[in-house]
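Residue-level structural notes
Each chain, written out:
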Amino acid sequence: MTEPTQSDDDTAAIPTLNEQVTDVDLERFNRLPVNPAANIRAPASGPDLERRIKAVVDAELRNAVEYIKTSIVAEVKDAMQKQNPPPTDAAMMATANESSEQVAETVQPPEPLPKAYEPAGLETRWYQTWQSAGYFAPGGAGEPYAIALPPPNVTGSLHMGHAFQDTLMDALIRFQRMDGRNTLWQTGTDHAGIATQMVVERNLALKGIKREELGREKFEQAVWEWKAESGGTITGQLRRMGASMDWSRERFTLDDGLSRAVRDVFVQLYHEGLIYRGQRLVNWDPVLGTAISDIEVESQEEQGHMWHFRYPLADGSGEVVVATTRPETMLGDTAVAVHPEDPRYQRVIGKQVRLPLCDRLIPVIADDYVDPEFGSGCVKITPAHDFNDYEVGQRHDLPMINIFTKEARISDNAPAAYRGMDRYDARKRVVADLQEQGFLVRIDDHKLMVPRCERSQAVVEPFLTDQWYVKIAPLAEPAIHAVETGRIRFVPDNWSKTYYEWMRNIQDWCISRQLWWGHRIPAWYDAAGQVYVGVDEDDARARGGVADDVVLTRDPDVLDTWFSSALWPFSTLGWPEQTPELRTFYPTSVLVTGFDIIFFWVARMIMMGLKFAGDVPFREVYIHGLVRDAEGQKMSKSRGNVLDPLDLIDGIDLESLVRKRTSNLMRPEDAPRIEAATRRQFPDGIPPFGTDALRFTFAALATQGRDIKFDLGRIDGYRNFCNKLWNATRFVLLMTESNADQSRQGEAALGLPERWIRTRLQRVITIVRDNFEAYRFDLAAQTLYEFVWDDFCDWYLELAKVDLNDRQRNPSLQRGTRRTLLEVLESALRLLHPIMPFITEETWQRVAPVAGRSGPTIMLQPYPVADETLIDANAEAALQWVQQAILGIRRIRSEMNIEPKRQITALFSGGDERERAWLHANDRYLKSLGRLETLEPVSADAAPESATALAGNTTFLIPLADLIDPVAELKRLDKELERLRGEHKRIDGKLGNESFVAKAPAEVVRKERDKLVEIETALARLEQQRARIEQLT
RNA sequence: AGGCGCGUAGCUCAGAUGGUUAGAGCGCUACCUUGACAUGGUAGAGGUCGUUGGUUCGAUUCCAAUCGCGCCUACCA
């Protein structure tokens, strides 16, 4: 229930399980100890030990099977590549309860790093390893950091919204875990009342069994059986995403512990007068036979009609005309309303009209709910079947006539002629009768919003029933206060407005549902209908002083699923017991969720947390956007545009994708359209991108406050990024592994590129940390991307090659280069790990030992911390100058069409002392990366005709000789001159403006002046150069 | 109707307490199988930052209006 309403197909497919995991003891499973590994080693004896071990093994076994289910494709693929048999269930289970030390040994990856980056195999392998080793469980003495997973529906399967959300949470958890915090990611699933009941009912229907025939108890049992067998689809898929959740603490909202919390909360609220039973209008689904929540109602515009009828005044003095979209409800009319100031109707206010077909007299009342501009300005009022009319009825103390049964047939409260008719048959009949009796004025076409139940698609009926309610105002007030005072912070902040808006208009919460699957309401009735509430029947009797011989019957209703969800942050931690976990991890650190459930879930958690757990449930709420398709459409089964995250990870061929998208459609007639669109958009199916690429894409797209359009181009680019990282690692290992000793020991000196890349690293560390803290996953991802690709690969590796290939190079400098390659890469892997856990683990395992780091996993390594002392601003300035020089030379080469291989001669002139020193120290980089045969000084006057490039105050010259085309060079110079002249004009104008000089900050003015001088120098040189070249043409 | 958000390169998106040559990826053009990577390299083209006003020495950035788009809440019986 508490998941983003990303797609409407979560009940469409009913997975079946082939593996023989029957008879899972759920009771035991749900009471798992905190850390299974610790538990096995803990001294215990006899049957207790046996029982506990069995519980752990059961759970792990279950996990393993689910995991294999979701990753089997990847495993097989990988196995085939390696010519190895795929791992068997038995093998997976065997590792499931080994201690971490043993596991660490068995997973030493094969040497050397394979040439190609193949995500599928390594991803499944590493997840299994981490889980078996117990790395996901809380640990360490650090400050607690906890996130409660919005529990996905147990019937659900992973969609893009989950995948996105889980990526962000996992990134946060992994970051904080590495940074030394004692992290708990609380996982579990939601029992999802209606959704689950429907799935199981559908299954039973296939066997020809009806729920009613089975009886309540057996039906509930059938649901539990279904859950044991098929309820774990989504948790297996979460593993494929790399989610580092603590599976040993997995909870289900119908667990014993959570159910106890629900009962305690209900009973306390009831006895405090905050839960009451009352007759109100609710959204009623006549097909499912239950009240449903607002979130389960979907209103859609449909074509309908507006019927106009005349109601005669009882005194014979005329008539009024009313209009309605629902003629059948006129049988329940108890008034006609007009606007109090409407001059047309002043004379009829207070009179009676005779209601046709019913032969009742009803009053004409005045209420400013009526819009005099609309229709006739006269409205029929049916308080029992319309939310607005209900309000009007309350204000005017009108009787409420319920003309429907629970099946939406006409009830005995209506005239005999209509009783028992379906609401739509009754509509036809009422219209026909009115027409026959001359009351019908006209029928117009009219578009109206029709409310439907999102599960059953039945038209929802506002219906008067007895339901249980939570009196919400007393709970809402402190919840508003908590956000106002900053005890809870919304990120981005503007969502707090939405929150206030809702909380200030909040209505009492209808918490009863007429279902069988859920938390049964702990209320009992005696023969007289007197209600007794307690945590169980005995308690209810005791509290109500009911004698033992009085027969009590229990309320048949269950609670709204959101009632238990509202307790999730503390019920999962053991509340009402004051457990160590509750003390440690409550309040949780952050809630990560979609905006669509702020009302239904976030607000209610805040209210319940404050009331029962004594504090806010979380300090921050990070609200992310919805994942949409490439066109910005919401993904849904009926639109046929759903992307399955697992298909992006493992790939899918076109035919399978088409089959998947067109099967089990609500409207089969959509199939051809969906198929055509799918074939057009994915002519070759979807290639496998791997989990890391998908995760990186989600992170990069997670900008603040906007929905994300999922663009395949992005994931493609980030798959390439993974490949880049993979190959950079291969290169670094190639350069260092055989020299491991040399890399690690002995004196090392750092050259300019080394000092520069290390400086860059420190800056990146700071930026990435800040961005994680601020939930700017996109900026963190971008920073890392640029650092790895641009700084490390494009520049540093190329510079390092120059030195590593130079046999004359001072050994200590060579060591410095090797160490820098290793250390910077190793740090980068740790920086990237929260976003891309798998590839970084795989590569880190090879890099870390050579880099002199040790540990069983990158997961538990410290997150890099910036070392300010390593920041070398001079190195940054120097390398920037070197880059400028190289770029200038390359540009000439490219624009002059000089063959890339050809070595050319180059000269330089000018430049201040500092630049001369830089040049002197770094000319081998210029020569190598600029492909220069020679690089010699020359005086400005003695220089031959050349193409020129500027770096700072130094001019680099490529003599024209036979290889440069003067015309091309003139073109190039003109372009550059044009740019500089434009810039000069702009700045000159600015500085010529007296008020700018007078009013702008001195700093800004000085900067502009400096720039002008620079440009003028450059212009002078280029103009001179241009004159010389022109003479040649 | 009320509330929120968005309009920046062909596409998907960053951006700044107002001063930068307005950035990235994909796509596009040219050249390159150089021993980490063609899932690559080098160089390049491409933007009057929706429109109009205002504030300011200076606005793509702040304000107002306007156009277009999206979402949420409430809906006209």
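No experiment lies behind these values; they were computed from the predicted model shown. Numbering of residues starts from 1 in each chain and follows the order in which that chain's sequence is written. As a convention, the first chain written is A and the first ligand written is 1, with the rest following in written order. The model is predicted, so local features are restricted to residues of pLDDT at least 70 and side-chain atom pairs to those at 80 or more, both for listing and for counting; the totals for chains, interfaces and linings are taken over all residues. Only heavy atoms go into the side-chain values, all of them from the structure, while hydrogens and water stay out.

Some points on the overall build of chain A
- Each helix and strand counted, chain A has 36 helices and 29 strands in total.
- In chain A, which comprises 1033 residues, the proportion classed as buried is 55%.
- Of the roughly 43900 Å² of accessible surface on chain A, 49% is carried by carbon and sulfur atoms. Helix and strand definitions follow DSSP, with helices as H or I runs of at least four residues and strands as E runs of at least two, each counted in order from the N terminus. A 1.4 Å probe rolled over the protein chains alone gives each residue an accessible area, and that area as a share of the maximum for its type sets the label: buried under 20%, exposed over 50%, partly exposed in between. In short, Shrake-Rupley with a 1.4 Å probe defines the accessible areas, and a residue's cover is counted only from the protein chains shown.

Some details on the sheet that holds strand E18 (residues 523–525)
- Across the sheet, 3 strands lie side by side as E19-E18-E20; this open sheet has antiparallel pairing. Each end of this open sheet is capped by a strand with a single partner; those strands are strand E19 (531–533) and strand E20 (553–554).
- At least two bridges found by DSSP between two strands is the condition for calling them paired. Across 2 bridges, the pairing between E18 and E20 is antiparallel. Pairing of tyrosine 525 across the sheet is with threonine 553, part of E20.

Examining the pairing of strand E10 (residues 352–355)
- With burial as the criterion, only one face of E10 is covered, namely that bearing Val353 and Leu355; the residues Gln352 and Arg354 on the opposite face remain uncovered.
- Where E10 meets strand E11 (residues 360–366), 4 bridges bridge the pair, whose relative direction is antiparallel. Counterpart to valine 353 in the pairing with E11 is isoleucine 362.
- Connecting E10 to the antiparallel partner E11 that follows it, the hairpin turn spans 4 residues, and leucine 357 within it adopts a positive phi of roughly 70°.

Side note on the protein's contact with RNA strand B
- Neighbouring RNA strand B are 63 residues; Phe374, Thr703, Arg706, Arg986 and Lys999 lie closest to it.
- Nearness is defined per residue: one heavy atom within 4 Å of the molecule or strand is enough. Sugar and phosphate atoms constitute 67% of the interface atoms of RNA strand B, taking the interface as everything within 4 Å of the protein.
- Under this definition, polar contacts are N or O atom pairs within 3.5 Å; protein pairs additionally need one hydrogen-donor-capable and one acceptor-capable atom, and for neighbouring residues in sequence, both atoms have to be side-chain atoms. One nitrogen or oxygen atom from the side chain of asparagine 723 is found 2.7 Å from a sugar or linking oxygen belonging to RNA strand B.
- One of the side-chain nitrogen or oxygen atoms of arginine 776 is found 3.0 Å away from a phosphate oxygen of RNA strand B.
- Residue assignment for the surface near RNA strand B shows that the elements contributing at least two residues are strand E8 (319–324), strand E13 (440–453), helix H26 (712–736), helix H29 (777–804), helix H32 (873–895), helix H34 (966–992), helix H35 (994–999) and helix H36 (1002–1032).
- When the residues that make up the surface near RNA strand B are grouped by side-chain class, the tally is 23 nonpolar, 15 polar and 25 charged. For this scheme, ten residues count as nonpolar: Ala, Val, Leu, Ile, Met, Phe, Trp, Tyr, Cys and Pro. Four count as charged, namely Asp, Glu, Lys and Arg, and the remainder, Gly too, count as polar.

Side note on the packing of aromatic side chains
- Only centres within 6.5 Å qualify two rings of Phe, Tyr or Trp (six-membered ring in Trp) as a pair; their planes then separate them into stacked at under 30 degrees, edge-to-face at over 60, and tilted for everything else. For the coordinates displayed, the defined rule picks out 40 aromatic pairs.
- Here phenylalanine 164 and phenylalanine 698 contribute two aromatic rings whose centre-to-centre distance is 5.5 Å and whose plane-to-plane angle is 40°, an arrangement assigned as tilted. Separated by 534 residues along the polypeptide, phenylalanine 164 in helix H7 (residues 160–178) and phenylalanine 698 in helix H25 (residues 691–701) bring together distant segments of the chain.
- You can call phenylalanine 698 buried: its relative accessible area is 0%.
- Members of the aromatic cluster, connected to one another through ring pairs, are Phe175, Tyr622, Phe772, Tyr775, Phe777 and Tyr863.
- By the criterion adopted, a ring carries a charge over it if an Arg CZ or a Lys NZ lies within 6 Å of its centre and within 35 degrees of its normal. Over the ring of tryptophan 516 we find arginine 211; its NZ or CZ atom is 4.6 Å from the centre of that ring.
- Residue placement shows arginine 604 over the ring face of tryptophan 509; its charged tip is 4.0 Å from the ring centre.

Observations concerning the pairing of strand E26 (residues 904–910)
- By the criterion of burial, E26 is predominantly enclosed, with 5 of the 7 residues buried.
- Bridge count between E26 and strand E27 (residues 932–937): 5 bridges; the pairing is parallel. Bridge pairing links alanine 906 to leucine 935 in E27.
- Alignment of E26 against strand E29 (residues 954–959), held across 4 bridges, turns out to be antiparallel. Within the sheet, the bridge partner assigned to phenylalanine 908 lies in E29 and is phenylalanine 956.

Digging into the pattern of salt bridges
- When a carboxyl oxygen of Asp or Glu lies within 4 Å of a side-chain nitrogen of Lys or Arg, that pair is called a salt bridge. Applying the stated criterion across every chain yields a total of 65 salt bridges.
- One salt bridge connects arginine 504 with glutamate 484, and the closest N-O pair in it is separated by 3.0 Å. In this pair, arginine 504 sits in helix H16 (residues 495–504) while glutamate 484 sits in helix H15 (residues 473–484), placing the two residues 20 residues apart along the sequence.
- Taking the shortest distance from any N to any O, the salt bridge between arginine 719 and aspartate 716 comes out at 2.7 Å. Of this pair, arginine 719 and aspartate 716 both sit in helix H26, 3 residues apart, which is roughly one turn of the helix.
- Within the structure, one salt-bridge network assembled from shared partners comprises Arg326, Glu328, Arg423, Arg427 and Glu461.

Observations regarding the confidence of the model for chain A
- Confidence per residue, as judged by the predictor, is encoded in pLDDT with a range of 0 to 100. Of the residues in chain A, 88% have a pLDDT of 70 or more, and the chain-wide mean is 82.
- Within chain A, the lowest mean pLDDT, 30, falls on helix H1 (residues 26–30), and the highest, 95, falls on strand E1 (residues 144–148).
- In what follows, residue pairs with any heavy atoms lying within 4.5 Å of each other are defined as contacts. Segment residues 1–48 is flagged for pLDDT under 50; beyond a separation of four residues in sequence, or across chains, it makes 106 contacts in the model.
- Note on the complex model: pTM 0.84, ipTM 0.93.

Describing the nonpolar core
- In terms of nonpolar packing, the biggest core is built from 136 residues, with Tyr622, Phe698, Phe710, Phe777, Phe792, Met836 and Phe956 touching the most fellow members.
- No other element matches H29, which puts 15 residues into this core.
- Membership of the second largest hydrophobic core comes to 65 residues, among which are Leu559, Phe563, Val602 and Ala603. Note on terminology: a nonpolar core comprises buried Ala, Val, Leu, Ile, Met, Phe, Trp, Tyr and Cys residues joined through side-chain atoms within 4.5 Å.

A closer look at a negative patch on the surface
- Exposure above 30% relative accessible area and the lack of any salt bridge qualify a residue for a patch; like charges then connect within 9 Å, and the nonpolar side chains Val, Leu, Ile, Met, Phe, Trp and Tyr within 5 Å. Under the counting rule used here, the positive set is Lys and Arg, the negative set is Asp and Glu, and His together with the chain ends is not counted. To locate a charge, take NZ of a lysine, CZ of an arginine, CG of an aspartate or CD of a glutamate. Side chains of Asp536, Asp538, Asp548 and Asp549 sit close together on the surface and give a patch of like negative charge.
- Here aspartate 548 falls in the exposed class, since its relative accessible area comes to 71%.

A closer look at unusual backbone geometry
- That bond from valine 491 to proline 492 is cis: its omega, -5°, falls within 30 degrees of zero.
- Within the fold, proline 492 resides in the loop between strand E15 (489–491) and H16.
- Of note, the bond from tryptophan 575 into proline 576 is cis; its omega dihedral lies within 30 degrees of zero at 10°.
- Locating proline 576 in the fold gives a position in the loop between helix H19 (568–571) and helix H20 (580–585).
- The backbone of alanine 192 shows a phi angle near 50°, a positive value even though the residue is not glycine.
- Position of alanine 192 relative to the elements: it lies in the loop between strand E3 (188–189) and helix H8 (193–206).
- Residue classification places alanine 192 among the buried residues on the basis of a relative accessible area of 0%.
- With phi around 55°, asparagine 897 is a residue other than glycine that occupies positive phi space.
- One can find asparagine 897 in the loop between H32 and E26.

A short note on the sheet that holds strand E28 (residues 946–951)
- The mixed open sheet is built from 4 strands, whose spatial order is E27-E26-E29-E28. Taken across any chain shown, the strands that pair with only one partner, and hence form the sheet edges, are E27 and E28. The mean angle between the axes of side-by-side strands here comes to 25°, regardless of whether they run parallel or antiparallel.
- Of the pairings in the sheet, the one linking E28 to E29 comprises 6 bridges and is antiparallel in character. Residue alanine 949 lies in a different strand from E29, and its bridge partner there is phenylalanine 956.
- Against the sheet, helix H33 (residues 913–930) contacts E26, E27, E28 and E29, and its axis sits at roughly 160° relative to E27.
- Helix axes are fitted to C-alpha atoms over the stretch in contact, other axes to C-alpha atoms as well, and angles between N-to-C directions run from 0 to 180 degrees. Where H36 meets the sheet, it contacts E28 and E29, and its direction lies at approximately 175° from that of E28.

Quick look at the environment of valine 430
- By secondary structure assignment, the location of valine 430 is in helix H14 (residues 423–436).
- Sequence-wise, valine 430 and threonine 329 are 101 residues apart; in three dimensions their C-alpha atoms are separated by 9.3 Å.
- When neighbours within four sequence positions are excluded, valine 430 is seen to be in contact with Pro327, Glu328, Met330, Leu331, Leu357 and Tyr418.

Topic: helix H11 (residues 233–240)
- Where burial is concerned, most of H11 is hidden: 8 out of the 8 residues are buried.
- What H11 keeps buried is the set Thr233, Ile234, Thr235, Gly236, Gln237, Leu238, Arg239 and Arg240.
- Phi turns positive, to about 90°, at glycine 242, one or two residues after H11.

Topic: the environment of leucine 214
- Inspection of the secondary structure assignment puts leucine 214 in helix H9 (residues 211–214).
- Taking the relative accessible area as the measure of exposure, leucine 214 reaches 25% and is therefore partly exposed.
- Separated by 10 residues in sequence, leucine 214 and leucine 204 place their C-alpha atoms 9.6 Å apart.
- Residues within four places of leucine 214 in sequence aside, it is in contact with Leu204, Ile209, Phe219 and Ala222.

With respect to the packing of helix H28 (residues 752–773) against helix H30 (residues 811–832)
- At a minimum axis separation of 10 Å, H28 and H30 run at an interaxial angle of 15°. The angle between H28 and H30 places the two elements in the roughly parallel class. Considering the relative orientation of H28 and H30, their crossing is left-handed. Where H28 abuts H30, its residues Glu754, Ile757, Arg758, Leu761, Val764 and Ile765 lie against Gly816, Thr817, Arg819, Thr820, Glu823, Val824, Ser827 and Leu831. In this scheme, roughly parallel covers angles under 35 degrees and roughly antiparallel covers those over 145, while 65 to 115 is roughly perpendicular and the rest are oblique. The hand of a helix crossing depends on one turn: near helix anticlockwise from the far one by less than a right angle means left-handed, and clockwise means right-handed.

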